[in-house]
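What follows is each chain in one-letter form.
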Amino acid sequence: MPGFDIALTVVGSINADITAVTDRLPAPGETVGGGRLLRSPGGKGANQAAAAARLGARTRMIGAVGTDPTGREMTEALRQAGVDVDQVAEVDAETGTALITVDARGENTIAVCEGANAQVSIADHEFPATETVLTQLEIPLATVTALAAAVRGFFVVNAAPARRLPAEVVDRADLIIVNESEFAALPQLREARSVAVTYGAQGAALYERGKQIAVAPAQTVTPVSTVGAGDAFCAALTIGLRAGLSAETALRAANAVGAAAVTDPSARPAFRAFAHFLPDAD
Ligand code: ADP
């Protein structure tokens with residue numbers, strides 16, 4: 001059993017991931033044959049919610065899918081991961097879809113068709129002070145901005161994919177999580193209150209107002225697919241910090257979950273990787 005009780009709401013995207021696993025990524029205009037096809041639930045929001053539920057947080061998802069069978073499939077996958085899906089709306093659009101290519105080294109390209117995710121809204125939702133909220137940028141920026149004003153508890157923004165954030169979102173966020181290239185693309189984050197940056201196989205670091213306050217190396221693993229590693233990391237870091245871990249231990253725990261995700265093509269981190277760091281795990 002996890003040694004914490006955390007209520008987490010994820011406001012974000014829900015996609016169907018359609019993945020071709022090929023020897024190498026096609027160049028523009030090129031066709032690469034011999035692909036192996038994988039269909040799996042995805043979307044940064046849904047991935048983070050599923051990871052959080054598996055890591056032991058009481059997790060609800062606010063998002064939207066289409067009325068198509070894929071939408072029901074994606075909602076059902078979230079439910080099976082242990083996520084409360086009562087606030088996943090069915091809207092008149094196609095369910096969000098990501099077309100992914102992964103090569104033999106685990107590198108990927110991703111094209112996203114946002115579909116129903118463009119209609120994610122927080123109208124009629126409440127965000128009590130006891131609840132942690134985690135969001136990303138695969139939903140309308142207006143929704144993220146409204147969320148920044150509505151959230152009363154701990155508010156975490158994974159600024160991915162990189163988009164310039166309204167100042168009120170940066171100011172309200174208790175924690176912003178980005179990967180190295182998003183951090184480089186968003187200079188406004190250099191002075192933000194608290195920013196965690198992931199460096200892939202190099203691990204991660206936490207900055208407060210641009211000053212590094214904690215750093216943790218990645219675990220050494222052989223990556224199978226890096227899709228979803230950042231999402232698993234976001235869920236784990238958020239929960240680790242809310243569970244009272246020190247910044248450094250929370251980063252190490254999140255790296256362990258990220259490493260578990262890169263060795264699993266379905267991006268489903270093992271709770272074991274995380275539980276090891278919790279106070280009552282030894
Ligand atoms: P994103 O997937 O968002 O681009 P990163 O590639 O930085 O983010 O990965 C997020 C986290 O996942 C890293 O901080 C690390 O903990 C873990 N991770 C990613 N790639 C590897 C790797 N090759 N080996 C070990 N851990 C990894």
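Residues numbered from 1 in each chain as written. Predicted model: local features only at pLDDT ≥ 70, side-chain atom pairs only at ≥ 80, totals over all residues. Heavy atoms only, no water.

For the pair helix α6 (residues 229-242) and helix α7 (residues 247-262), interaxial distance at closest approach is 8 Å and the crossing angle is 150°. Between α6 and α7, the angle is such that the two are roughly antiparallel. By crossing handedness, the relation of α6 to α7 is classed as right-handed. Residue-level contacts link A229, A232, F233, A236, L237, G240 and L241 of α6 to A247, A250, L251, A254, N255, V257, G258, A261 and V262 of α7. Taken together, the residues that form the contact of α6 with α7 break down as 13 nonpolar, 3 polar and no charged. (Axes fitted to C-alpha atoms, helices over the stretch in contact; angles between N-to-C directions. Helix = DSSP H or I, 4+ residues; strand = E, 2+ residues; numbered from the N terminus. Parallel < 35°, antiparallel > 145°, perpendicular 65-115°, else oblique. Left-handed = near helix turned anticlockwise from the far one by under 90°. Contact = heavy atoms within 4.5 Å. Nonpolar A, V, L, I, M, F, W, Y, C, P; charged D, E, K, R; others polar.)

Attention now goes to the pairing of strand β9 (residues 155-158). In β9, alternate side chains face the same way, and those of F155 and V157 on one face and V156 and N158 on the other are all buried. For the handedness criterion, the β-α-β arrangement of strand β8 (residues 132-136), helix α3 (residues 141-150) and β9 is classed as right-handed. With 3 bridges connecting them, β9 and strand β10 (residues 175-179) associate as parallel partners. Considered in β10, the bridge of N158 is made with I177. Note on the crossover from β9 through helix α4 (residues 167-172) to β10: the handedness is right-handed. (Buried < 20%, exposed > 50% of the residue type's maximum accessible area, 1.4 Å probe, protein only. Right-handed = clockwise from strand over helix to strand, strands pointing away. Pairing = 2+ DSSP bridges.)

Turning next to unusual backbone geometry. The amide bond that connects A160 to the next residue, P161, takes the cis arrangement and shows omega of -5°. Mapped onto the secondary structure, P161 falls in the loop between β9 and α4. The backbone of D124 shows a phi angle near 75°, a positive value even though the residue is not glycine. On the secondary structure map, D124 appears in the loop between β7 (108-113) and β8. For D124, a relative accessible area of 81% gives the class exposed. The backbone of R209 shows a phi angle near 50°, a positive value even though the residue is not glycine. Mapped onto the fold, R209 is located in the loop between β12 (204-208) and β13 (211-216).

Turning to the confidence of the model for the protein chain, a few remarks are in order. Looking at the protein chain as a whole, the pLDDT averages 93, with 95% of positions reaching at least 70. Interface confidence in the predicted complex, given as ipTM, is 0.98; pTM for the same model is 0.93. (pLDDT = per-residue confidence, 0-100.)

What follows covers the side chain of Q48. Looking at the element boundaries, Q48 is found in helix α1 (residues 44-54). When its relative accessible area of 0% is taken as the criterion, Q48 is described as buried. A distance of 3.0 Å separates the side chain of Q48 from the side chain of N158, its partner in a polar contact. (Polar contact = N/O pair within 3.5 Å; in protein donor to acceptor, adjacent residues only side chain to side chain.)

We now examine the sheet that holds strand β3 (residues 36-42). On the basis of which strands lie adjacent, the open sheet formed by 4 strands has the order β3-β2-β6-β7 and mixed pairing. Only two strands of the sheet have a single partner each, and these edge strands are β3 and β7. Direction aside, the axes of adjacent strands within the sheet are offset by 20° on average. Where strand β6 (residues 96-102) and β7 come together, 6 bridges link them in antiparallel fashion. The residue of β7 that forms the bridge with I100 is I110.

Our next topic: the pairing of strand β11 (residues 195-198). The alternating pattern of β11 places V195 and V197 on one face and A196 and T198 on the opposite face, and all of these are buried. Of the pairings in the sheet, the one linking β10 to β11 comprises 4 bridges and is parallel in character. Within β11, the residue paired with I177 across the bridge is A196. On the question of chirality, the crossover connecting β10 to the parallel β11 by way of helix α5 (residues 180-185) is right-handed. As defined by bridge partners, β11 adjoins β12 across 4 bridges and the pair is classed as antiparallel. Paired with V195 across the strands is Y207, a residue of β12. Connecting the antiparallel pair β11 and β12 is a turn made up of 5 residues, with G200 showing a positive phi of about 55°.

Here the focus is the sheet that holds β12. Across the sheet, which stays open at both edges, the 9 strands sit in the order β5-β4-β1-β8-β9-β10-β11-β12-β13 with mixed pairing between neighbours. Each edge of the open sheet is held by one strand with a lone partner, namely β5 (88-91) and β13. Geometrically, the sheet is characterised by an average inter-axis angle of 20° between neighbouring strands, direction not taken into account. As judged from the 5 bridges shared by β12 and β13, these two strands associate in the antiparallel manner. Bridge assignment links E208 to a residue of β13, and that residue is K211. Together, β1 (7-11), β8 and β9 form the strand contacts of α3, whose direction differs from that of β8 by roughly 165°. Across the sheet, α6 is in contact with β1, β8, β9, β10, β11 and β12; its angle to β10 comes to roughly 150°.

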